[in-house]
Amino acid sequence: MSDSQATHETESTGIETSTSSTTTAGETDERIDDSWLEYEFEGEPKLSVQNLDVYYGDEHALKDVSMDIPEQSVTALIGPSGCGKSTFLRSLNRMNDRIKSARVEGTVELDGRDIYQDGTNLVELRKRVGMVFQSPNPFPKSIKDNVSYGPRKHGDINTGLLASLLGKDESDKEAELVERSLTQAALWDEVSDRLDDNALGLSGGQQQRLCIARALATDPEVLLMDEPASALDPIATSKIEDLIEELAEEYTVVVVTHNMQQAARISDQTAVFLTGGELVEYDDTEKIFESPESQRVEDYITGKFG
Ligand SMILES: Nc1ncnc2c1ncn2[C@@H]1O[C@H](COP(=O)(O)OP(=O)(O)OP(=O)(O)O)[C@@H](O)[C@H]1O
Ligand SMILES: [Mg+2]
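Since the structure is predicted, the reported quantities are computational estimates derived from the model, not experimental observations. (Residues numbered from 1 in each chain as written. Chains lettered and ligands numbered in written order. Predicted model: local features only at pLDDT ≥ 70, side-chain atom pairs only at ≥ 80, totals over all residues.)

### Notes on the overall build of the chain
Secondary structure summary: the chain contains 11 helices and 10 strands in total. Out of the 306 residues in the chain, the part that is buried amounts to 41%. Residue pairs in contact within the chain that sit at least 24 positions apart in sequence constitute 68% of those at least 6 positions apart. (Helix = DSSP H or I, 4+ residues; strand = E, 2+ residues; numbered from the N terminus. Buried ≥ 20, exposed ≤ 12 C-beta atoms within 10 Å, placed from the backbone. Contact = placed C-beta atoms within 7 Å.)

### Things to note about the site of ligand 1
Around ligand 1 there are 13 residues in total, and Tyr56, Ala61, Ser81, Ser86 and Thr87 lie nearest to it. Broken down by secondary-structure element, the contributors of at least two residues to the shell around ligand 1 are β2 (59–70) and α2 (85–91). The leading source of residues in the shell around ligand 1 is α2, at three residues. In terms of residue class, the shell around ligand 1 is made up of four nonpolar, seven polar and two charged. (Near = placed C-beta within 6 Å. Nonpolar A, V, L, I, M, F, W, Y, C, P; charged D, E, K, R; others polar.)

### A look at the sheet that holds strand β5 (residues 113–114)
Strand pairing in a sheet relies on backbone hydrogen bonds. The paired strands run either parallel or antiparallel. Strand order across the open sheet formed by four strands is β2-β1-β4-β5, with antiparallel pairing between neighbours. Each of the sheet's edge strands pairs with one partner strand only, and the pair in question is β2 and β5. In this structure, strand β4 (residues 102–110) lies alongside β5, joined through two bridges in antiparallel fashion. What sits directly across from Glu109, in β5, is Asp114. (Pairing = 2+ DSSP bridges.)

### Considerations on helix α5 (residues 170–184)
Helix length check: α5, at 15 residues, gives a terminal C-alpha distance of 21 Å against a target of 21 Å (1.5 Å per residue), a fit within 8%. What α5 keeps buried is the set Lys173, Glu174, Leu177, Val178, Ser181 and Leu182. Down the axis of α5, the smallest arc covering the buried residues is 155 degrees, so these residues share one side. On its buried face, α5 is in contact with α4 (143–153), α6 (188–191) and α7 (204–216). (Expected span 1.5 Å × (residues − 1). Arc of directions from axis to C-beta.)

### Quick notes on the environment of Ser203
The topology assignment puts Ser203 in the loop between α6 and α7. For Ser203, a count of 13 C-beta atoms within 10 Å puts it in the partly exposed group. Through-space distance from the C-alpha of Ser203 to that of Ala236 is 9.4 Å; in sequence the pair is 33 residues apart.

### A look at the pairing of strand β8 (residues 252–256)
For a regular strand, side chains alternate in direction, first toward one face of the sheet and then toward the other. Within β8, five of the five residues are buried, which leaves it mostly tucked inside the rest of the structure. Across the two faces of β8 the burial is the same, with Thr252, Val254 and Val256 and Val253 and Val255 all buried. The pairing of strand β7 (residues 222–226) with β8 spans five bridges and is classified as parallel. The residue of β8 that forms the bridge with Leu223 is Val253.

### A look at the environment of Leu195
If you trace the backbone, Leu195 turns up in the loop between α6 and α7. On the neighbour-count criterion, Leu195 (18 C-beta atoms within 10 Å) is partly exposed. Separated by 48 residues in sequence, Leu195 and Val147 place their C-alpha atoms 9.9 Å apart. Aside from chain neighbours lying at most four places away, what touches Leu195 is Ser142, Ile143, Lys144 and Val178.

### Description of the sheet that holds strand β9 (residues 269–274)
Taken in spatial order, the six strands of this open sheet run β6-β7-β8-β3-β9-β10, and their pairing is mixed. A strand with exactly one partner marks an edge of an open sheet, and here the two such strands are β6 (129–132) and β10 (278–284). Taking each pair of neighbouring strands and ignoring which way they run, the sheet shows an average axis angle of 15 degrees. Docked against the sheet, α7 engages β6 and β7, running at close to 170 degrees with respect to β6. In the packing of helix α8 (residues 234–247) onto the sheet, contacts are made with β3 (74–78), β7 and β8, and the angle to β8 comes to roughly 145 degrees. (Axes fitted to C-alpha atoms, helices over the stretch in contact; angles between N-to-C directions.)

### Considering the confidence of the model for the chain
Summarising the model, the chain shows a mean pLDDT of 87, and 85% of its residues fall at 70 or more. Confidence drops under a pLDDT of 50 for residues 1–25, and excluding neighbours within four residues, the segment shows 26 contacts in the predicted structure. (pLDDT = per-residue confidence, 0-100.)

### A look at α8
The terminal C-alpha atoms of α8 lie 20 Å apart, and with 14 residues this matches the ideal 20 Å at 1.5 Å per residue to within 8%. Of all the positions in α8, only Ile240, Glu241, Leu243, Ile244 and Leu247 are classed as buried. Viewed along the axis of α8, the buried residues span an arc of 165 degrees, placing them on a single side of the element. Opposite the buried face of α8, by more than 90 degrees, sit the exposed residues Pro234 and Ile235. If you follow the buried residues of α8, they end up packed against β3, α7, β7, β8 and α9 (260–266).

Here's what the structure looks like:
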């Protein structure tokens, strides 16, 4: 009998298999218990994902994922390579729309409104749900122009966000926006005297904080971060970690990381995806790291596979 037949037969018996053995590759006959995915918190979810499936052509990359994300907190997404973390993150601001072969089913609600419904303004959506990528990707422009790029492009240098700064002429408004965003991204002190220098002259860690400042400049509500510190040295990493914790006082932060200690340190709740594109367990970070329900999650976080 092949392994896949064995798995299938065990599943069809319906027997509880949470004590099942796990191979080093994380293959298992463990069945996901619905209660492992029930994460209760106070208040309305900022993002509510229901029955999300994502396909790339014939490949089923995310399978029936449902989870609610509370506002003003840090949600960590962890799991082995290829399990669908980036795919999930991109589905939260419809970045998957840019991938030709990608098809998304299910709903993602931002403040109770489905972002996949017809007529969603994608520019507006991505302003509200900003994104920071794994490798810093500043534009080959000045530090200042990197930060003001979004608001300028969307015309908000005179309206919206900057309405609170009435009575200033445009360059004053821009200067305030740049200072505010760089301060929030914990970069201001390091660059305030060279705002006109090319951003590509900054260190990797500084470039990443600049990209965070750029995302903050459009006044988002949610910040999606895909392994934002994986290319950085330990000092730059710890700056990004401190920053993420601070940002969560104001923003809803969803962060993908391969670094377990980082997830444990900075997040309030943790979602564990495992191979095959399934969300296996989602709960308070402490609970996930100290007493996970799933044997596979325990094996993954203790480094037995992944
Ligand atoms: N643009 C794409 N086109 C086709 N398939 C893709 C694309 N992006 C991702 N996939 C596939 O979808 C699955 C999930 O990929 P995803 O990048 O979401 O995983 P991940 O958990 O972020 O992995 P990693 O930790 O390596 O970044 C993988 O099998 C991958 O090959
Ligand atoms: Mg990824």
